Structures are given as structure tokens and as C-alpha cells.
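Chain residues, written in single-letter form:
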Amino acid sequence: MQSVRNESPASQTAGNESLQWRPALQSLPQYVPGNPGRTGTFKLSSNEMPFPPSAGVIAALADAMHDVNRYPQMHSDGLAAQLATLHGVDAEQVVVGNGSVALIELILRSIATDGDEVVYSWRSFEAYPIAVAATGARSVQVPNTASGRHDLPAMVAAITPATKAVMVCTPNNPTSTALTHSELVEFCEQVPSSVLILLDEAYWHFDTSQDRVRAEELLATYKNVITLRTFSKAYGLAGLRVGYAIGRRRLMRQLQVAATPFGTNALGQIAALAALRDQATADANVAAIIAKREEFVRQLQTQGWQIPAPQGNFVWLALGDRTQEFAAAAQDAGVMVRPFAGEGVRITIGESEANAIALEIAAKFAPPQ
Ligand SMILES: *Cc1c(COP(=O)(O)O)cnc(C)c1O
């Protein structure tokens, strides 16, 4: 059926002045996805795992796809129960979502709005400024230290009566530095209990530092902590979009009410359960990436680079104004990395061949010895 007063598509988007998004949504920063590159190039730009899903995951998916005419479990109850066992918490303390980014959005819009503030370190995960701006709240970005770590005392000092949440990313994307458990305990002690501490542990499995964060202990002690994990990184299921949050029962009950109904798709739930049953494969993959990362860092050091120990499945080179030049050189050599203009590049640890190419480029940009 044709309606009579259709405007042209161009004027509908550009010229329709009666329909407008909230001002906060008109100036959102844009999320830049890792460049997939041309066919035949390696993608070291999105912190994905280079391994295909395990046979167990593929078999579970093949089996489950016959049932996708049915809705999935509304709250991913089966998966939440397994995750609760894994973390030694109650199932009511776990909220599963469409990737942990969707949970960040859910949590922020549940707690912050116009006039509020959300504090986080910068540079950190580029989804944060977008998720904060979408709520109408203001981002308060506390600069990283010179070595790319969160400046926790400065973050505490940035908290005002308007602050609703403070976000902590460890290991931090994109600088790959990790905070210690004791640092976080001190931090949690100082953050007022009325301020939510949102801990993003997307890369926890890759952290080999001594005194690695023990979120379960923080959750048991501090009522205002929520921690976030994902199946996108260590479990290699980025394409299926499954993440989860753990927190106090009362908080999580409120979150569940505000969550998208059936927000995690059936195949994602099934694959995540299969990946948990096959934890040994995930552990072996993580161990392989860590070994490659350590070798990568040794090579960088031989080239003259001095970088803080990376604890994610990626390495950060603070190239400053040579960032774009490096990214272009890597692309020409067949490897996509993730540049942050004027700051540095993030290089995912991936296929050995790709890592070797990235190292060849790094050698050309190494600081003079
Ligand atoms: C990759 C990543 C996530 C996970 O995102 P998903 O939506 O679960 O894929 C969360 N936080 C950070 C810092 C990340 O880098």
C-alpha cells in the first residue's frame, strides 16, 4: 500500500524537524570496529581468538539450531546456574546478556541519567563513552598514568555527589595493563557505597600477574560492586554475543527487570554452556595465547621497546604521532591492527604468521637503542 504524503528518504532523515532523538544521542562518539581488512589479511584489530570453536561447541550448536523456532530461556537460567557454580555465588546473582557491552548499557541506563556523572579511566574501552552519553550522564575521564594504568587515587578524587558509577577495566583495553587485587581493595574501600563500581574483566583469563584480581572476594565484601565477564575473548565466542554480570542479589534483581526479554539468543546460551563443559579447551587456548604474547614481548624488548607487561590477549605500542603510519605499514604487510590516532596501536595476539608480520613492522618503528 502506498501512503500519499511520503517524503523522499533524504528529507526524512535530514529534514524532518518534528522527530528528533534526545540531544544526548545526537552527538554520540562513534564505535570504530576492528578493520576486517581485505581477504587474505590477518585481523589483529579486534582482540578475537584465532581458534575456531571446539568440536563440542560446534556439535551443541548443530544440535540446537533445529529448535530456533522456539524462544530461548528468558533469563538464560541454565547458563546462569552454571556460572553461579563456577564463581561460587547464587544463580540470582548472575545476569546474562547479549555480550557484556549490552550489560554495560543496561547497568548504566539503570543507574545514571541527565545531570549524573560516570567516572572512568581514559584511554579505555571505547564503548564506555558511548554507553555513558546514551544515558544523558556526563563522562568524567581520568587520564591513565604514563604507563597506561588506571590512576586509582585520581579516580577516587574525581568522584562528586553527582557520580553514579565508576568503571574499572582490568586488564585495560587498549593498554593491556592490569590492576592488582590489593589495589582494587584499597580503591573499593575509598569509593562511597552509594557509587556503583563496575568492574570490566573481559580479559581476566589472560592476566598472569601476581595478585590477580579476585572479583568474588570483592563482591562478597563490597555491596556496590558488579563484575562483568564475557564469552567473546577467552572462550572464543565473540560472534555469538554472550556476556554476564555478577553482583548483589538485590541489584541484579532490579537489572533483570530492566533487561531486554529473551536478550541472549538460544545458540549463544547453548554454545556458552558447551564451552564451559569444555573448559580444558578454553584453558589450553588461553595458555597458547599467553605463551605467544610472552614471546612477542621478548622480541619487542630485543628490538628496543620498553612496554609495561601486557596482561590481555593484546599488546599496546604507544606510538604517539607515528600511530597511523604504523597501522598503514602493517596493513600494507597484510595485518590489520587497531590504531588510536595520536596515541598508539593495539595489536591482538593471533595467528603466529600474523604476529611475525606485526613484529617485523614493530622493528622498523622501534625506539633508537
Ligand atoms: C571485548 C570487550 C568486552 C566484551 O564485549 P562483548 O560485548 O561481551 O563481546 C567488554 N569489555 C571490554 C573492555 C572489551 O574489550
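As the structure is a computational prediction, the values presented were derived from the model and not from experiment. (Residues numbered from 1 in each chain as written. Predicted model: local features only at pLDDT ≥ 70, side-chain atom pairs only at ≥ 80, totals over all residues. Heavy atoms only, no water.)

Colleague: Would you mind going over the overall build of the protein chain with me for this structure?
Modeller: Broken down by element type, the protein chain carries 14 helices and 12 strands. Computed over C-alpha atoms, the radius of gyration of the protein chain comes to 21 Å, within 12% of the 21 Å expected from 2.2 N^0.38 for 369 residues, which places it in the range of a compact globule. Considered along the principal axes of its C-alpha atoms, the protein chain spans approximately 65 × 55 × 50 Å. The 369 residues of the protein chain split such that 50% are buried. Sequence-distant contacts in the protein chain: of pairs separated by 6 or more residues, those separated by 24 or more amount to 72%. About 17600 Å² of surface is accessible on the protein chain, with carbon and sulfur atoms providing 54% of the total. In the protein chain, the 28 positive side-chain charges and the 34 negative ones have mean positions that sit 3 Å from each other. (Helix = DSSP H or I, 4+ residues; strand = E, 2+ residues; numbered from the N terminus. Rg over C-alpha atoms; globule rule 2.2 N^0.38 Å. Buried < 20%, exposed > 50% of the residue type's maximum accessible area, 1.4 Å probe, protein only. Contact = heavy atoms within 4.5 Å. Areas by Shrake-Rupley, 256 points an atom, 1.4 Å probe, with all protein chains shown as cover. Lys, Arg positive; Asp, Glu negative; His and termini not counted. Charge placed at Lys NZ, Arg CZ, Asp CG, Glu CD.)

Colleague: Would you mind showing me how to read the side chain of Arg-123 here?
Modeller: Here Arg-123 lies in the loop between β3 (117-122) and α6 (127-135). Setting aside chain neighbours within four positions, we find Arg-123 in contact with Asn-144, Asn-172, Asn-173, Pro-174, Phe-340 and Glu-343.

Colleague: Before we go on, may I ask you to explain the sheet that holds strand β12 (residues 344-348) in this structure?
Modeller: Backbone hydrogen bonds hold the strands of a sheet together, and the pairing may be parallel or antiparallel. One open sheet accounts for three strands, arranged β9-β12-β11; its pairing is antiparallel. For this open sheet the edge positions go to β9 (314-317) and β11 (338-340), each flanked by a neighbour on one side alone. Between one strand axis and the next, the sheet turns through 20° on average, direction left out of account. Pairing of β9 with β12 involves four bridges; the strand directions are antiparallel. Bridge assignment links Val-315 to a residue of β12, and that residue is Ile-347. (Pairing = 2+ DSSP bridges. Axes fitted to C-alpha atoms, helices over the stretch in contact; angles between N-to-C directions.)

Colleague: Would you mind going over the site of the ligand with me for this structure?
Modeller: Lining the immediate surroundings of the ligand are 13 residues, of which Tyr-203, Thr-230, Ser-232, Lys-233 and Arg-241 lie closest. One of the side-chain N or O atoms of Ser-232 is found 2.6 Å from an oxygen atom in the ligand. Lys-233 is positioned with one of its side-chain polar atoms (N or O) 3.3 Å from an oxygen atom of the ligand. Burial of the ligand by the protein amounts to 94% of the accessible area it has alone, namely 390 Å². Among the residues forming the shell around the ligand, the class breakdown is five nonpolar, five polar and three charged. (Near = heavy atom within 4 Å. Polar contact = N/O pair within 3.5 Å; in protein donor to acceptor, adjacent residues only side chain to side chain. Nonpolar A, V, L, I, M, F, W, Y, C, P; charged D, E, K, R; others polar.)

Colleague: Which parts of the structure should I look at to understand the sheet that holds strand β7 (residues 225-230)?
Modeller: Overall, mixed pairing links the seven strands, which are arranged β2-β8-β7-β6-β5-β3-β4 in an open sheet. A single partner strand is all that each edge strand has here, and the edge strands are β2 (94-97) and β4 (138-143). The sheet shows a mean angle of 20° between the axes of neighbouring strands, taken without regard to direction. Bridge count between β2 and strand β8 (residues 243-246): four bridges; the pairing is antiparallel. Within β8, the position partnered with Val-95 by the bridge is Ala-245. Helix-sheet contacts for helix α4 (residues 77-87) involve β2, β7 and β8, and the interaxial angle to β2 is about 130°. In the packing of helix α10 (residues 249-258) onto the sheet, the strands contacted are β2, β6 (196-200), β7 and β8, and the crossing angle to β2 comes to about 30°.

Colleague: Mind showing me how you'd approach the side chain of Asp-207 here?
Modeller: Within the secondary structure layout, Asp-207 lies in the loop between β6 and α9 (215-221). Look at Asp-207: it is buried, it has no salt bridge, and the nearest opposite charge is Arg-212 at 5.6 Å. The residues contacting Asp-207, other than those within four sequence positions of it, are Pro-171, Ala-178, Arg-212 and Gln-311. (Salt bridge = Lys/Arg side-chain N within 4 Å of Asp/Glu carboxyl O.)

Colleague: Help me understand the packing of helix α5 (residues 100-111) against α6, please; the structure alone is not making it clear to me.
Modeller: Describing two packed helices takes the angle between their axes plus the distance from one axis to the other. Running from N to C, α5 and α6 cross one another at 35°; their axes reach a closest spacing of 9 Å. As for the relative orientation of α5 and α6, their crossing is right-handed in sense. Counted together, Val-101, Ile-104, Glu-105, Leu-108 and Arg-109 of α5 and Ala-127, Tyr-128, Ala-131, Val-132 and Thr-135 of α6 form the full contact between these two elements. Residue composition of the contact of α5 with α6, grouped by class: seven nonpolar, one polar and two charged. (Left-handed = near helix turned anticlockwise from the far one by under 90°.)

Colleague: So what exactly am I meant to see when it comes to the pattern of salt bridges here?
Modeller: Once their charged atoms are close, side chains differing in charge can pair, the charge on each being opposite to the other. Within this structure, the stated rule accounts for 12 salt bridges. Between Arg-229 and Glu-201 there is a salt bridge whose closest N-O contact spans 3.1 Å. Here Arg-229 is found in strand β7, whereas its partner Glu-201 is found in the loop between β6 and α9, with 28 residues between them in sequence. The class for Arg-229 is buried, based on a relative accessible area of 5%. Judged by relative accessible area, which is 1%, Glu-201 ranks as buried.

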